[in-house]
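Overview (structure and organization)
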Amino acid sequence: MSNDSYVTDDGRTIGPTVMEMKNITLRFGGVKAITDISFDIREGEIRAIIGPNGAGKSSMLNVISGFYVPQEGEVWYKGAKRPPMKPYQVAEQGIARTFQNIALFEGMTVLDNVMTGRLRQMKANMFEQAIWKGKAEREEVENREVVEKIIDFLEIQAIRKTPVGRLPYGLKKRVELARALAAEPSILLLDEPMAGMNVEEKEDMSRFILDMNDEFGTTIALIEHDMGVVMDLSDRVVVMDYGKKIGDGTPDEVRNNQDVIDAYLGVAHD
Amino acid sequence: MAQSSQATGGLTSIPALLQRNAAQFADKDAYREKEFGIWQTWTWAMTEKEIEALALGLINLGVKEGDFVAIIGRNRPYFYWSMVAAQSVGAVPVPVYQDSAAEEMEYILGHCGAKYAIVEDQEQVDKIIEIQEKLHTFEHMVYIDPRGLRKYDHRQLHEFSHIQAQGRAAHDELIGELKSRREKLDYDSTCVMLYTSGTTGKPKGVVLSNRNVIESSKNSAEFDALTGDEEILSYLPMAWVGDFIFSVGQAYWCGFCVNCPESADTMMTDLREIGPTYYFAPPRIFETSLTNVMIRMEDSGDLKYALFHHFMDFAKTAGEKYGMPKRSLAKPDMKRRIKNGWRYAMGLGFAMETIVENGIRMAFTKLRHGSKAREHFKAKDPILLNLYRGNLRDYFKYRMGNVLVYGPLKDTLGFGRVRVGYTAGEAIGPEIFEFYRSLGINLKQLYGQTEATVFITAQPDGEVRADTVGVPSPDVEIKIDDNGEIHYRSPGTFVEYYNNPESTASTKDPEGWVATGDAGFFEEKSGHLRIIDRAKDVGKMADGSMFAPKYVENKLKFYPDILEAVLFGNGKDRCVAFINIDLTAVGNWAERNNIAYASYQELAGHPKVLDSIQEHVEAVNRSVADDPMLAGCQIHRFLVLHKELDADDGEMTRTRKVRRVIVADKFKDLVDGLYDGSSSVSTTTEVTYEDGRKGSISATLELRDAQVAPVASKMAAE
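Residues numbered from 1 in each chain as written. Chains lettered and ligands numbered in written order. Predicted model: local features only at pLDDT ≥ 70, side-chain atom pairs only at ≥ 80, totals over all residues.

1. Focus on the overall build of chain A
- Looking only at helices and strands, one finds 10 helices and 12 strands in chain A.
- Over its C-alpha trace chain A gives a radius of gyration of 19 Å, about what one expects of a compact globule, namely 18 Å for 270 residues.
- Principal axes of the C-alpha set define a box for chain A whose edges measure 70 × 40 × 40 Å.
- Put simply, chain A has 270 residues, and 36% of those count as buried. (Helix = DSSP H or I, 4+ residues; strand = E, 2+ residues; numbered from the N terminus. Rg over C-alpha atoms; globule rule 2.2 N^0.38 Å. Buried ≥ 20, exposed ≤ 12 C-beta atoms within 10 Å, placed from the backbone.)

See the structure below:
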């Protein structure tokens, strides 16, 4: 836990710790998915979690988003210990996420999908919504404005009215990001945002992630397989293998860490 | 200045026209841009304020008279304002293609010694920063979209809105300066400098004066009776002379509204939402639209499919006669409304009466001669109103088609309100042209170039044909020299090529005649001009017959599945061709025929694709053989290229014209292969990605022989 801020080489200010994992252990019956992991996320940084398949990365993200409740350990958020929570309560605290395998409403348009990201901000009740006067109308206009800014930001204007089901994979990923962003989160969790994309789509996505961090000051925690992307994007990296933390530090530190090299390249057993 | 400006009432510059518009059409819409999903509007009065603030800001920044200000970005009101603001302070706007690579920009900015640049976003800022060290005169850069730029060094970098704010703050000190600079502008001061796309060699900076731009805009607006009520969608590159004339020259002269799309991808949606009345597009856009329509009709249900084809066949004959919009679509006043209402009432009554009458007559006929009547009705078109004869029936049928097919189709394409449409830049396929004309879209051709401030010839309403480019535009004189090259002289004739007196002298003679570099002739019957080809591309075959590559290439390109073709054969004994397939059209065909493919390259090499291209080539050969003068240009061998010709690789200009010499040089091994008779060639080609990185692709191409049609007998008689 650190309270000081510092400025990175490219001029971004990284604030104090906003979220801290303390000795998290997660078990599914007899299987230990995560064993005694601790790390922190600082305000305004891009924090990557990497590791080989089955290392427990997604489980970690699910712990942060409140979907899994760890058997041992504590999650500290904004200086207070977080009690076990339902995912929607976590969302209300300002943590939004995207999913590894896209979870959008396929039959709805892109605009409607992104609007669902604003639901947390809409207070009008069912009757007001149905009559569509006063509060409901005002709210919709306000929220639509936010959503349109995000659509503009992610350059998806051309598909605004297209049903999501008709979109190619790369664009769906972007729509999902838009929806997460619409919630105006203070921490954004991205589960493999670049999986299955080609080089050009990856470059676009990287730019969006950097711009998001820069423009809105969003703290980002992401899981990614593409090492090149991770090393370029992130400020600090946590490396996991078989549910254990084997490295934590800046991309350069991690790159030179012998355990990490072994986990990724394999070790010769004589 | 005093005499020459009388024709335009003292309005001798674009800023002067802006002042007039702001006074005359204050509350009329001048600019619209879709932003955040909503059309944002600026009236002429607001536009004037915005431009004034920016102009003051530019003075504040240190812009001097005669400085060059580069404008780099897609069509947005801010850039149009920037151009006019630059003019207001006595500077010269230089729009640059926004998709140019950094080196291309370096050449242009270096050549004119631009001190300032107004650019769109981070992408352009990065490009300029990359080349900044080599530009010795460069001082400041203004950007519009601040995204991602916050951490940049802002000593030479400014945000557009800040410049405007500074201008507003310094209003009282600088307004006198601005006014005096604005008043100094006259008919002969430079309006804009546009760089040619450079089909051969480096781009040249064409200097256009206010006279050029305003006279051309005035003449062409009168030619097509353009009013202040037109709506246009500006989506063509701002660095292209056409966009400057339509979106600045004519817009300021007439005072009509310029609409800017939300992004390049939303162009079609925005087009539909705006429904322009005046529309301009290169043939490629029309081709793409038509291809899309045809592909979607293939996927439609039987009824729609039948209706579409029935009415489109009918429209081919009747569209020209019944479909064309009236000369002016201005909003009708009360008197016209009453008149129209009366007409509709009469028409309705008449129609009711005839239907009733027909019904009664049919009933009687059926009663009296049952079988005969059935035959009679069967023999005719199974369409209502088949008792009418000739013209009247066609008229009604076209109206019906309008309700069922043409209207909805035009609406979908965004052409619902088009009153005047132009295509230029390349020849348009007769079938494509006919398709749009028969829908009742008044699509016409014009012939022009940057050096002429666009207009050389244009087709008047009612005299439109696919194979000519029309009669000389107002005030344009044309002569054709002994070699067949077209020369013109007009008020739009450019001042000079910037910093390039040799080129100026070789293009423009002391009397003001400009050589176009195109070969053509006037048709005796109609007085219309017909273009054959670029004069320097026209060559001779080994046997002395004429080699006109464009003529044959255009015939090939009129097939929807051929995107581009390049013909070789100058000085040789026979012709060979490179062909680029159209991925959309061929891809759709492949899907329909269960042909799996993973890439452009794979599809381009598929034997079935080659078969169908071969059919097209042979059909073109037959049609070329009909013309004894050009019969030597038949294609003996051809190949389908493994990559699309691309401007990033230098194979085309930014306006998508093929750079013949570069293509011939780059693919020399393939040309040699075509001539030495080998049946396949393996090759490796360097490609440039959009971000400037290089890569390479290798392929083994199949070279095919095409059947050549026997040449018409005249050759023997000679």
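Continuing now.
2. Quick word on the overall build of chain B
- If you tally the helices and strands in chain B, you get 24 helices and 29 strands.
- Compactness check: chain B gives a C-alpha radius of gyration of 28 Å against a globular reference of 27 Å for 718 residues, within 12% of the reference.
- With the C-alpha coordinates aligned to their principal axes, the bounding extent of chain B is approximately 95 × 75 × 55 Å.
- By the burial criterion, 43% of the 718 residues in chain B qualify as buried.
- Taking the intrachain contacts of chain B between residues at least 6 apart in sequence as the baseline, contacts between residues at least 24 apart amount to 66%. (Contact = placed C-beta atoms within 7 Å.)

3. Structural notes on helix 11 (residues 283-298) of chain B
All names here are of chain B.
- The terminal C-alpha atoms of helix 11 lie 23 Å apart, and with 16 residues this matches the ideal 22 Å at 1.5 Å per residue to within 8%.
- Listing the buried residues of helix 11 in full gives Pro-283, Phe-286, Glu-287 and Ser-289. For helix 11, the buried positions fall inside an angular range of 165° around the axis, keeping them on one side. (Expected span 1.5 Å × (residues − 1). Arc of directions from axis to C-beta.)

4. Considerations on the domain arrangement of chain A
All names here are of chain A.
- What the domain assignment lists for chain A is domain 1 (1-94 + 185-270) and domain 2 (107-184).
- A C-alpha centroid distance of 27 Å is found between domain 1 and domain 2.
- The interface is formed by 10 residues belonging to domain 1 together with 10 residues belonging to domain 2.
- Broken down by secondary-structure element, the contributors of at least two residues to the side of domain 1 that touches domain 2 are helix 2 (87-92) and helix 7 (199-216).
- For the side of domain 1 that touches domain 2, the element with the most residues is helix 7, which contributes three residues.
- Split into classes, the residues belonging to the side of domain 1 that touches domain 2 amount to seven nonpolar, one polar and two charged. (Domains from an automatic or database assignment. Nonpolar A, V, L, I, M, F, W, Y, C, P; charged D, E, K, R; others polar.)

5. Re the domain arrangement of chain B
- Each assigned domain of chain B is listed here: domain 1 (12-277), domain 2 (285-413), domain 3 (443-490 + 500-534) and domain 4 (539-717).
- Here the C-alpha centroids of domain 1 of chain B and domain 2 of chain B sit 46 Å apart.

6. So, the environment of Ile24(A)
- Position of Ile24(A) among the secondary structure elements: in strand 3 (residues 17-28).
- Along the sequence, Ile24(A) and Ile14(A) sit 10 residues apart, while their C-alpha atoms lie 24 Å from each other.

7. Overview of the sheet that holds strand 8 (residues 95-97) of chain A
All names here are of chain A.
- If you walk across this open sheet you meet the six strands as 8-9-10-5-11-12, and the pairing is mixed. Two strands lie at the open edges of the sheet, namely strand 8 and strand 12 (244-249), each paired on one side alone. The sheet shows a mean angle of 15° between the axes of neighbouring strands, direction not considered.
- By the bridge criterion, five bridges tie strand 9 (residues 187-191) to strand 10 (residues 219-223) in an arrangement that is parallel. Within strand 10, the position partnered with Leu-189 by the bridge is Ala-221. (Pairing = 2+ DSSP bridges. Axes fitted to C-alpha atoms, helices over the stretch in contact; angles between N-to-C directions.)

8. Details of unusual backbone geometry
Residue and element names in this part refer to chain B.
- Positive phi values are uncommon outside glycine, yet Thr-453 reaches one of about 50°.
- Along the chain, the position of Thr-453 falls in the loop between strand 14 (443-449) and strand 15 (454-458).
- On the neighbour-count criterion, Thr-453 (32 C-beta atoms within 10 Å) is buried.
- Positive phi values are uncommon outside glycine, yet Asp-475 reaches one of about 70°.
- Tracing the chain through its elements places Asp-475 in the loop between strand 16 (471-472) and strand 17 (477-480).
- Using a count of 14 C-beta atoms within 10 Å as the deciding quantity, one classes Asp-475 as partly exposed.

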